[in-house]
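Each chain is listed here by its residues.
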There are 2 protein chains.
Amino acid sequence: MARRHDPGRRQRITDAAVRVLMERGIAGLSHRAVAAEADVPLGSTTYHFSSLDDLLLAALREVNDAWLTRLERWEAALRPGRPLAGELARFVEESVRDERPRVELEYELYFAGLRRPAVRPLAAFCLDEMAGVLRRRVPDDATARALVALLDGLLLQLVLTGRECDREQIREAFARLVPQDGTGSPPGPAAG
Amino acid sequence: MARRHDPGRRQRITDAAVRVLMERGIAGLSHRAVAAEADVPLGSTTYHFSSLDDLLLAALREVNDAWLTRLERWEAALRPGRPLAGELARFVEESVRDERPRVELEYELYFAGLRRPAVRPLAAFCLDEMAGVLRRRVPDDATARALVALLDGLLLQLVLTGRECDREQIREAFARLVPQDGTGSPPGPAAG
DNA sequence: GGCCGGAGTGTACGGACGTACGCATCGTTG
DNA sequence: CAACGATGCGTACGTCCGTACACTCCGGCC
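Note that the structure is a prediction, hence the values are computed from the model and not measured.

Caption draft 1: Expanded view of the interface of chain A and chain B. Contact residues are listed per partner, giving 39 residues for chain A and 40 residues for chain B. With both chains or domains summed, chain A and chain B bury close to 3600 Å², and 60% of this area falls on carbon and sulfur atoms. Of all residues in chain A, Arg115, Leu160 and Arg176 of chain A bury the most surface against chain B, accounting for 22% of the area lost on that side. Between chain A and chain B we count six salt bridges in total. Taking the shortest distance from any N to any O, the salt bridge between glutamate 108 of chain A and arginine 115 of chain B comes out at 2.6 Å. Applying the counting rule to chain A against chain B returns 16 residue pairs in polar contact (both at pLDDT 80 or more). If you list the elements that add at least two residues to the side of chain A that touches chain B, you get helix H1 (9–24), helix H6 (100–115), helix H7 (120–135), helix H8 (141–161) and helix H9 (167–177) of chain A. Tallying contributions element by element places H8 of chain A first for the side of chain A that touches chain B, with 14 residues. Residue composition of the side of chain A that touches chain B, by class: 22 nonpolar, seven polar and 10 charged.

Caption draft 2: Structural detail: the domain arrangement of chain A. Residues and elements named next belong to chain A. If you check the domain split of chain A, you get domain 1 (8–50) and domain 2 (56–175). A straight line from the C-alpha centre of domain 1 to that of domain 2 covers 26 Å. Facing the 11 residues of domain 1 at the interface are 13 residues of domain 2. Taken together, both faces of the contact between domain 1 and domain 2 bury some 960 Å²; the carbon and sulfur share is 79%. Among the residues of domain 1 in contact with domain 2, Leu21, Met22 and Ile26 are the three that bury the most area, contributing 56% of the side total. Our count for the domain 1 to domain 2 interface comes out at zero salt bridges.

Caption draft 3: Structural view of the confidence of the model for chain A. Confidence along chain A averages 90 in pLDDT terms, with 90% of residues attaining 70 or more. Here residues 187–192 of chain A is modelled with pLDDT under 50, and outside its nearest four sequence neighbours on either side it reaches two contacts, counting other chains as well.

Caption draft 4: Representation of the relation of the copies chain A and chain B. Superposition of chain A onto chain B requires a rotation of 180° combined with a translation of 0.0 Å along the rotation axis, giving an RMSD of 0.1 Å. A rotation of that kind, with that shift, is consistent with a two-fold axis. Counting the interface residues of chain A, we find that 100% of their copies in chain B are interface residues as well, pointing to one common contact surface.

Caption draft 5: Structural context of the layout of surface pockets. Quantified by volume, the largest pocket comes out at close to 370 Å³. Lining of the largest pocket is provided by 22 residues; of these, Ala27 of chain A together with Ile26, Ala27, Phe111 and Arg116 of chain B occupy positions nearest its centre. At the level of elements, H6 of chain A together with helix H4 (52–76) and helix H6 (100–115) of chain B are the ones that each hand at least two residues to the lining of the largest pocket. Partitioned by chemical class, the residues of the lining of the largest pocket number 11 nonpolar, two polar and nine charged.

Caption draft 6: Layout of the side chain of glutamate 87 of chain B. All names here are of chain B. Relative to the assigned elements, glutamate 87 resides in helix H5 (residues 84–98). By relative accessible area, which is 7% here, glutamate 87 ends up buried. When neighbours within four sequence positions are excluded, glutamate 87 is seen to be in contact with Trp74, Leu78 and Arg82.

Caption draft 7: Representation of the packing of aromatic side chains in the model. Under the criterion given, the structure shown has seven aromatic pairs over all chains. Between the aromatic rings of tyrosine 107 of chain B and tyrosine 110 of chain B, the centroid separation amounts to 5.2 Å while the plane-to-plane angle is 85°, which identifies the pairing as edge-to-face. Placement of the pair is tyrosine 107 of chain B and tyrosine 110 of chain B together in helix H6, with a separation of three residues, close to one helical turn. With a relative accessible area of 1%, tyrosine 107 of chain B lands in the buried category. One aromatic cluster is present, built from ring pairs that chain together Trp67, Trp74 and Phe91 of chain A.

Caption draft 8: Representation of the side chain of threonine 143 of chain A within the structure. Here threonine 143 of chain A is to be found in helix H8. Separated by 2.8 Å, the side chains of threonine 143 of chain A and aspartate 140 of chain A make a polar contact. When residues no more than four places from it in sequence are discounted, the contact partners of threonine 143 of chain A are Val138, Leu177 and Pro179 of chain A together with Arg176 of chain B.

Caption draft 9: Representation of the UniProt feature "DNA-binding region" (unreviewed entry) in chain A. Mapped onto the present numbering, the UniProt feature "DNA-binding region" (unreviewed entry) falls at residues 30–49 of chain A. With 75% helix and 0% strand, the stretch residues 30–49 of chain A has end C-alpha atoms that lie 12 Å from each other.

Caption draft 10: Layout of the environment of threonine 161 of chain B. Mapped onto the fold, threonine 161 of chain B is located in helix H8 (residues 141–161). At 2.8 Å, the side chain of threonine 161 of chain B forms a polar contact with the backbone oxygen of glutamine 157 of chain B.

Reading the values: the criteria
- Residues numbered from 1 in each chain as written.
- Chains lettered and ligands numbered in written order.
- Predicted model: local features only at pLDDT ≥ 70, side-chain atom pairs only at ≥ 80, totals over all residues.
- Heavy atoms only, no water.
- Contact = heavy atoms within 4.5 Å.
- Buried area = accessible area lost by both parts, 1.4 Å probe.
- Salt bridge = Lys/Arg side-chain N within 4 Å of Asp/Glu carboxyl O.
- Polar contact = N/O pair within 3.5 Å; in protein donor to acceptor, adjacent residues only side chain to side chain.
- Helix = DSSP H or I, 4+ residues; strand = E, 2+ residues; numbered from the N terminus.
- Nonpolar A, V, L, I, M, F, W, Y, C, P; charged D, E, K, R; others polar.
- Domains from an automatic or database assignment.
- pLDDT = per-residue confidence, 0-100.
- Least-squares fit on C-alpha atoms with pLDDT ≥ 70 in both.
- 1 Å grid on protein atoms, 1.4 Å probe; cavity = no way out; pocket = protein on both sides within 12 Å on 5 of 7 lines; lining within 4 Å.
- Points joined across faces, edges and corners; volume = space filled by probe spheres on them.
- Buried < 20%, exposed > 50% of the residue type's maximum accessible area, 1.4 Å probe, protein only.
- Phe/Tyr/Trp six-rings, centres within 6.5 Å; stacked < 30°, edge-to-face > 60°.
- UniProt positions renumbered as here; feature names shortened; annotations may be inferred.

In structure tokens form, the structure reads like this:
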């Protein structure tokens, strides 16, 4: 064994939980599945997390962070000259092409929030953060929230129907929501 | 007992399943819960439905039908003069105000579709039908699909954050997606 | 060097679940 | 009226789950 005083054990369990979620979904998350995936004894998962909900929440926070980080990176890499709508369409396309499991998991998070009071704040937080990121490129909160809604709805459609992604149509839809375009309107000249 | 040859028994079980789903969500659906809710013996639920997935699917079809019917009724009641965006905003507002449990359940259906192959076609069907209904009031498929995406995204946001519904903001967002407005553009003069 | 406290673990318990299957029951047929 | 077949039901089995808890083991302190 020699696993005594293993720092980062908690983190390893959380990571294993994320993998379990990715493979089996929220319904498939159990102490036993996580323990096996993390290669730790069953008791270890109940020791580090006071309940299964705790474990679920920790894992979902991880998933959520990864998702928001991806969005932040996309935002940070925006070129001033390019219209925002096209870049949003690219984000959608890349999401369903390269990160489908993560997208699916992200939406499982939302839906878990529908029923589990403990998860709901996290889902709401995610929505607000996304709006906050887009807000940097758009003149008002309402537009940012509408863009988030359209983004969520489109990703959901693409993931659920498995239909191929028509980037031009998606760009057009985003373009209608963005008032004037040129990678949005940063509040200040260089404050973006 | 005297329950022999009870016609509509299957339907009663399905209805009970819908109530169970409404109260406990998909994770809470079980043969036992449904049997108790429908006041039938446990064996009856396994007799009429070959598996739990069958029962879930039947119940979700019911939920789906109710949802699409609501949308159809909304569409049928549209007045020619009124702008479509405002009517869509009204639909959103009424949905979260009066039908929140049904909305939540509808999105649980989507969620179930993410993980259960048997449910996915139903979720995809629902998305297509919604687009089909909106298509009657809008000049092209792409716009209809974008409206569905925005509708889904907005409802999701409102239900998850519990934020109050700003109807004017929502109307504005829909208005940007609808090319010109006056309750859409029916293909023919009176063709509906 | 020997004890002591807490960190970590293995096991066992109680309960819920899906489903298979033998049996009761009733309409039908001769 | 009697027997039979299908229709419907109650029970019981095997599995998996979350969690509690007695126990082990290691690091620090006297």
